[in-house]
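Chains, contacts and geometry: an overview
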Amino acid sequence: MRAMRWHLWVPKVSGPLASCVGGYERWLSARGHPPGLVQTRRWQLAELSAWLEREGLTVGDLADPLVRERFAAAQRAAGHRSFVSRLSLRVPVAYLREIGLVSVIELAAAGPVEELLAAFRAYLASERALTAGTIKGYERGARVFLEDRVAQVGGLELERLIAADVSGFLARACPRRSVSAARDLAARLRQLLRYFHVVGVIDTPLAWAVPPVADLRGRSLPKAVAPEVITALLASCDVELVIGRRDFAVLLLLSRLGLRAGEVAAIGLDDVDWRAGELLVHGKGHREDTMPVPVDVGEALVGYLRVRPASEHRALFLCAQAPLGPVSSHVVAMIVRRACRRAGIPEVGPHSLRHTAATEMLRARVSLEEIAQVLRHRQLQSTALYARVDLDSLRELALPWPGGRP
């Protein structure tokens, strides 16, 4: 019997994006998009190109989020149900940025917050002579404060700003951040408040209203999980599937070698020395360390590499869905959380598996110096935190309670 052939409707693209069609299709295919989705994306490109032509806009205007929102609104008004949000333009805009037709710098929507941030950036550059990277960091902190201010009072109303408003913002924002992130936010807020006073936006200097951030690290036990939880997480991976083999290998690297999520994401194909049985780990602060690969970890890596999708990327682990690019630390964290849901246990983060690797080594009587080498700690003080989870050894050191325990 003659095989049936499916013919996909190929829309014609006219307008300012007509010359991009061939390259766009190849770009999508190279990133793992199936043929059907490639043609659907071609349809979207045709719609976008025709809309730009009707509106008298250029391709470069797509750098403005408001322009992208206008296109999405026009698609919704026309009765379309697919690709009708501004976020659906991320894929074509990413391609247009890559070939240089759209600026990589987002054009900010006009408004009082953006106007104030623009003036703040100019002040930091001209009066403080700060670098572009530092200015960007201060701008992020200022944006968080200003957007929170608008959400709380319905507008900026900075002339009414008082110390209680500043402390209230910090009380809302800091608990959601790590100690270092909270410190950065506080420092950026002080700079913003100094600027407000210098230019006369506020009459009273309020930088003093930002208190120092207390460092509570080291006052709680490392949050490890039980060995049976690790077993359940690994068992939840369906190794008959590509994604299952990838997740299994990622979970082993986190729990056996104690790698951080970012370190797992950064592993490249060239970082595994199969003859020596070693792995090059790209750690924090551009530090690189060579670690031995246990047999079970090596077998898991080989099992994934045998089914790993072909890709131009040299990263070891790839996303399971198009575009097939390298995984990020966020994807690694999602791998752990999805495994928790499959195993029916409370969700934990990837760092909990790192803590588990450390505590298991400690219970096996591995010295703190050796654990520090495995975890790649710069200071032994960081590794010493795990000594407090070795309750059996601590009981041997503890002095008996005077008069006996009540």
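Quick caveat, the model's predicted, so the values are computed rather than measured.

Conventions and cut-offs
Residues numbered from 1 in each chain as written. Predicted model: local features only at pLDDT ≥ 70, side-chain atom pairs only at ≥ 80, totals over all residues. Heavy atoms only, no water. Helix = DSSP H or I, 4+ residues; strand = E, 2+ residues; numbered from the N terminus. Buried < 20%, exposed > 50% of the residue type's maximum accessible area, 1.4 Å probe, protein only. Areas by Shrake-Rupley, 256 points an atom, 1.4 Å probe, with all protein chains shown as cover. Phe/Tyr/Trp six-rings, centres within 6.5 Å; stacked < 30°, edge-to-face > 60°. Pairing = 2+ DSSP bridges. Contact = heavy atoms within 4.5 Å. Axes fitted to C-alpha atoms, helices over the stretch in contact; angles between N-to-C directions. Parallel < 35°, antiparallel > 145°, perpendicular 65-115°, else oblique. Left-handed = near helix turned anticlockwise from the far one by under 90°. Nonpolar A, V, L, I, M, F, W, Y, C, P; charged D, E, K, R; others polar. Salt bridge = Lys/Arg side-chain N within 4 Å of Asp/Glu carboxyl O.

In terms of regular secondary structure, the chain is built from 17 helices and three strands. Residues classed as buried in the chain amount to 41% of the 406 residues present. Counting only carbon and sulfur atoms, one obtains 56% of the accessible surface of the chain, whose full area is about 23100 Å².

This paragraph deals with the packing of aromatic side chains. Under the criterion given, the structure shown has nine aromatic pairs. Look at Tyr24 and Trp27: their rings are 6.2 Å apart centre to centre, the planes differ by 20°, and that puts the pair in the stacked class. Highlighted residues: Tyr24 and Trp27, both in helix 1 (residues 21-30), separated by three residues, approximately one helical turn. Of the two residues examined, Tyr24 and Trp27, each falls in the buried class. Relative to Phe71, the ring of Trp51 lies with its centre 5.6 Å away and its plane at 65°, an arrangement referred to as edge-to-face. Of this pair, Trp51 sits in helix 2 (residues 35-55) while Phe71 sits in helix 3 (residues 65-77), placing them 20 residues apart in sequence.

What follows covers the sheet that holds strand 1 (residues 272-273). What the three strands build is an open sheet, ordered 1-2-3; its pairing is antiparallel. Strands with a single pairing partner mark the edges of an open sheet, and in this sheet they are strand 1 and strand 3 (288-292). Direction of pairing for strand 2 (residues 278-282) relative to strand 3: antiparallel, over a ladder of five bridges. The residue bridging His282 from the neighbouring strand is Glu288, located in strand 3.

Looking now at unusual backbone geometry. We note that Phe83 has phi near 55°; this positive angle belongs to a residue other than glycine. Along the chain, the position of Phe83 falls in the loop between helix 3 and helix 4 (90-98). Phe83 sits in the buried class, given a relative accessible area of 18%. Despite not being glycine, Glu157 shows a phi value in the positive range, around 45°. With respect to the helices, strands and loops of the structure, Glu157 is situated in the loop between helix 6 (132-153) and helix 7 (163-173). With relative accessibility at 29%, the residue Glu157 sits in the partly exposed group.

Another point: the pairing of strand 2. Alternating positions in strand 2 separate cleanly, Leu279 and Val281 being buried on one face and Glu278, Leu280 and His282 remaining unburied on the opposite face. With two bridges connecting them, strand 1 and strand 2 associate as antiparallel partners. Looking at strand 2, one finds that Asp273 is bridged to Glu278. Hairpin geometry of strand 1 and strand 2 is characterised by an intervening segment of four residues between the two adjacent antiparallel strands and by a positive phi of about 70° at Gly277.

Turning our eyes to something else, we now look at helix 4. Three or more residues of helix 4 are buried, namely Val91, Pro92, Val93, Tyr95 and Leu96. Considering only its buried residues, helix 4 is in contact with helix 1, helix 2 and helix 3.

Bringing the environment of Val239 into the picture now. Within the element layout of this structure, Val239 appears in the loop between helix 9 (227-235) and helix 10 (242-256). Exposure remark for Val239: the relative accessible area of 37% places this residue in the partly exposed category. Between the C-alpha atoms of Val239 and Tyr304, which are 65 residues apart in sequence, the distance is 8.8 Å. Once residues within four sequence positions are removed from consideration, Val239 is found in contact with Gly244, Arg245 and Phe248.

Below, the discussion takes up the packing of helix 7 against helix 8 (residues 179-198). Put simply, helix 7 and helix 8 touch, their axes get as near as 12 Å, and they point 155° apart. Between helix 7 and helix 8, the crossing angle belongs to the class labelled roughly antiparallel. In terms of crossing hand, the pair formed by helix 7 and helix 8 is right-handed. Within the contact between the two elements, helix 7 uses Val166, Phe169, Leu170 and Ala173 and helix 8 uses Leu185, Leu189 and Leu193. Taken together, the residues of the contact of helix 7 with helix 8 break down into seven nonpolar, no polar and no charged.

Our focus in this paragraph is the packing of helix 5 (residues 112-126) against helix 8. Where helix 5 meets helix 8, the closest approach of the two axes is 11 Å, and the angle between their N-to-C directions is 95°. Judged by the inter-axis angle, helix 5 sits roughly perpendicular to helix 8. Here Leu116, Ala119, Phe120, Tyr123 and Leu124 of helix 5 lie close against helix 8, whose contacting residues are Gln191, Leu192, Tyr195, Phe196 and Val198. The residue makeup of the contact of helix 5 with helix 8, split by class, is nine nonpolar, one polar and no charged.

As enumerated under the stated definition, the model contains 18 salt bridges in all. Note that Arg42 is salt-bridged to Glu25, the shortest N-O span being 3.0 Å. Highlighted residues: Arg42 in helix 2 and Glu25 in helix 1, separated in sequence by 17 residues. Taking the relative accessible area as the measure of exposure, Arg42 reaches 14% and is therefore buried. In this structure, Arg121 engages Glu139 in a salt bridge whose closest nitrogen and oxygen atoms are separated by 2.7 Å. With Arg121 in helix 5 and Glu139 in helix 6, this pair connects stretches of sequence that are 18 residues apart. Judged by relative accessible area, Arg121 falls into the partly exposed class, the value being 31%. Glu139 sits in the buried class, given a relative accessible area of 14%. Residues joined by salt bridges that share partners form a network here, namely Glu114, Arg121, Glu139, Arg143 and Glu147.

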